[in-house]
Amino acid sequence: MVRVYGSHVVDNQLWIVMEFCPYSAVDLVEAGVLNEEEIAAIVRDTLVGLQHLHELNIVHRDIKTQNLLVSSPGGCVKVADLG
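Residues numbered from 1 in each chain as written. Predicted model: local features only at pLDDT ≥ 70, side-chain atom pairs only at ≥ 80, totals over all residues. Heavy atoms only, no water.

*Asks:* Tell me what's going on with the nonpolar core, and back it up with residues and numbers.
*Replies:* A25, L28, I42, L50, L53, L68, V70, V77 and V79 together form the largest nonpolar core, which totals 9 residues. When contributions to this core are tallied by element, the ones reaching two or more residues are α1 (25–31), α2 (36–55), β4 (68–70) and β5 (77–79). The biggest single contributor to this core is α2, with 3 residues. Residues in contact with V79, not counting those within four places in the same chain, are M1, V2, T46, G49, L50, L53, H60, I63, N67 and L68. (Core = buried A, V, L, I, M, F, W, Y, C linked by side-chain atoms within 4.5 Å. Buried < 20%, exposed > 50% of the residue type's maximum accessible area, 1.4 Å probe, protein only. Helix = DSSP H or I, 4+ residues; strand = E, 2+ residues; numbered from the N terminus. Contact = heavy atoms within 4.5 Å.)

Structure follows, in structure tokens:
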């Protein structure tokens, strides 16, 4: 999961301070830069994240490439929901 450090309301807007993830899986798919091993790593990390959520009795309900963020450094996939 993406680490959230805090949230603040500024001028009636909610600001969420969270871990920096420069890409989503959709960015990588659209760029056409993924090979089979990288796709497998994205799927593996996604399933590990979902398993963790399910152990906390949380159901995500909106898994899609836009909600799979890639952290830097290391390229670890993080499950998020920005909707």
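Resuming the write-up.
*Asks:* Pulling in residues and values, what's your account of the pattern of salt bridges?
*Replies:* Here the structure, examined in full by the defined rule, presents 3 salt bridges. For K78, the salt bridge identified is with E19, shortest N-O distance 3.4 Å. Here E19 lies in the loop between β2 (13–18) and β3 (23–24) and K78 lies in strand β5, a separation of 59 residues in the sequence. A residue is classified by how much of its surface remains accessible, and K78, at 16% relative accessible area, is buried. (Salt bridge = Lys/Arg side-chain N within 4 Å of Asp/Glu carboxyl O.)

*Asks:* Can you break down the side chain of D45 residue by residue, with the values?
*Replies:* You can see D45 is positioned in helix α2. Residue classification places D45 among the buried residues on the basis of a relative accessible area of 15%. For D45, the side chain forms a polar contact with the side chain of R44, separated by 3.3 Å. Leave out the neighbours within four places in its chain, and D45 touches G75, C76 and V77. (Polar contact = N/O pair within 3.5 Å; in protein donor to acceptor, adjacent residues only side chain to side chain.)

*Asks:* Explain the layout of surface pockets to me, and be specific about the residues and the numbers.
*Replies:* A volume near 210 Å³ is recorded for the largest pocket. For the largest pocket, the lining is made up of 12 residues, of which V2, H60, V79, A80 and D81 are closest to its centre. When the residues that make up the lining of the largest pocket are grouped by side-chain class, the tally is 10 nonpolar, 1 polar and 1 charged. Here the second largest pocket defines a volume of roughly 150 Å³. The wall of the second largest pocket is formed by Y23, L28, L34, E37, E38, A41, I42, V70, S71, G75 and V77. The greatest single-element share of the lining of the second largest pocket, amounting to 4 residues, is contributed by α2. Classifying every residue of the lining of the second largest pocket by side-chain character gives 7 nonpolar, 2 polar and 2 charged. (1 Å grid on protein atoms, 1.4 Å probe; cavity = no way out; pocket = protein on both sides within 12 Å on 5 of 7 lines; lining within 4 Å. Points joined across faces, edges and corners; volume = space filled by probe spheres on them. Nonpolar A, V, L, I, M, F, W, Y, C, P; charged D, E, K, R; others polar.)

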